[in-house]
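Spelled out, the chains give:
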Amino acid sequence: MAKEVNAEAEYQQPVTRAMYYAYYKVLQSNEGPAANFITAGILWFIVFRANSNLTLIAASIPIDQFATFKRNVEEEFNGTVNSMGSSVRKI
């Protein structure tokens, strides 16, 4: 949108990460509305409860892994989530 109206940027920063997410059915879930932020080396995860007994898991990867990741998103994402050691099942 900003490009369409030729708006000037007030602040710019290079893109350093990409994020993918999916909803999962979790066998056991923590109570409460809080999100969990998890780091596993260069991987970052955000996990929080959603509606209908679902849990959203978002994985943030370094931008230099983006090209490889997007070639096979489902396999890469599942491998990334599995690296957390969680017992979750994708819906």
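Here's what I pulled together on the structure shown here.

Rules of the game
- Residues numbered from 1 in each chain as written.
- Predicted model: local features only at pLDDT ≥ 70, side-chain atom pairs only at ≥ 80, totals over all residues.
- Heavy atoms only, no water.
- Helix = DSSP H or I, 4+ residues; strand = E, 2+ residues; numbered from the N terminus.
- Buried < 20%, exposed > 50% of the residue type's maximum accessible area, 1.4 Å probe, protein only.
- Contact = heavy atoms within 4.5 Å.
- Areas by Shrake-Rupley, 256 points an atom, 1.4 Å probe, with all protein chains shown as cover.
- Core = buried A, V, L, I, M, F, W, Y, C linked by side-chain atoms within 4.5 Å.
- Phe/Tyr/Trp six-rings, centres within 6.5 Å; stacked < 30°, edge-to-face > 60°.

Along the backbone of the protein chain there are 2 helices and 5 strands. Secondary structure elements in the protein chain, listed N-terminal to C-terminal, are β-β-β-β-α-α-β. Here the protein chain holds 91 residues, and the buried ones make up 23% of them. Pairs at least 24 apart in sequence give 60% of the contacts found in the protein chain among residues at least 6 apart. Accessible area of the protein chain: about 7100 Å², with a carbon and sulfur share of 51%.

A word on the environment of Lys25. When you line up the elements, Lys25 lands in strand E1 (residues 17–26). Measuring from C-alpha to C-alpha, the distance between Lys25 and Leu54 comes to 5.0 Å, with 29 residues separating the pair along the chain.

This part takes up the nonpolar core. Grouped together as the largest cluster of nonpolar side chains are 14 residues, with contacts concentrated most on Tyr24, Phe45, Ile57, Ile61, Phe77, Val81 and Met84. At the level of secondary structure, the elements contributing two or more residues to this core comprise E1, strand E3 (43–49), strand E4 (54–62) and helix H2 (73–82). The element that contributes the greatest number of residues to this core is E1, accounting for 4 residues. Apart from residues lying up to four places away in sequence, Phe77 is in contact with Tyr20, Tyr21, Ala22, Tyr24, Ile57, Ala59 and Phe69.

On to unusual backbone geometry, then. Non-glycine residue Asn6 carries a positive phi angle of around 55°. Within the element layout of this structure, Asn6 appears in the segment before E1. Asn6 gets classed as exposed once you look at its relative accessible area, which sits at 68%. Despite not being glycine, Ser52 has its phi angle at roughly 60°, a positive value. Position of Ser52 among the secondary structure elements: in the loop between E3 and E4.

Aromatic ring pairs are reported here in terms of the distance separating the ring centres and the angle at which the planes meet. Tallied over the entire structure, the rule returns 4 aromatic pairs. With 4.7 Å between their ring centres and 25° between their planes, Tyr20 and Phe69 make a pair best called stacked. With Tyr20 in strand E1 and Phe69 in helix H1 (residues 66–71), the pair connects residues that are 49 residues apart, well separated along the chain. There is no split in this pair, since Tyr20 and Phe69 are both buried. Ring centres 6.3 Å apart and planes at 85° place the aromatic pair Tyr21 and Tyr23 in the edge-to-face group.

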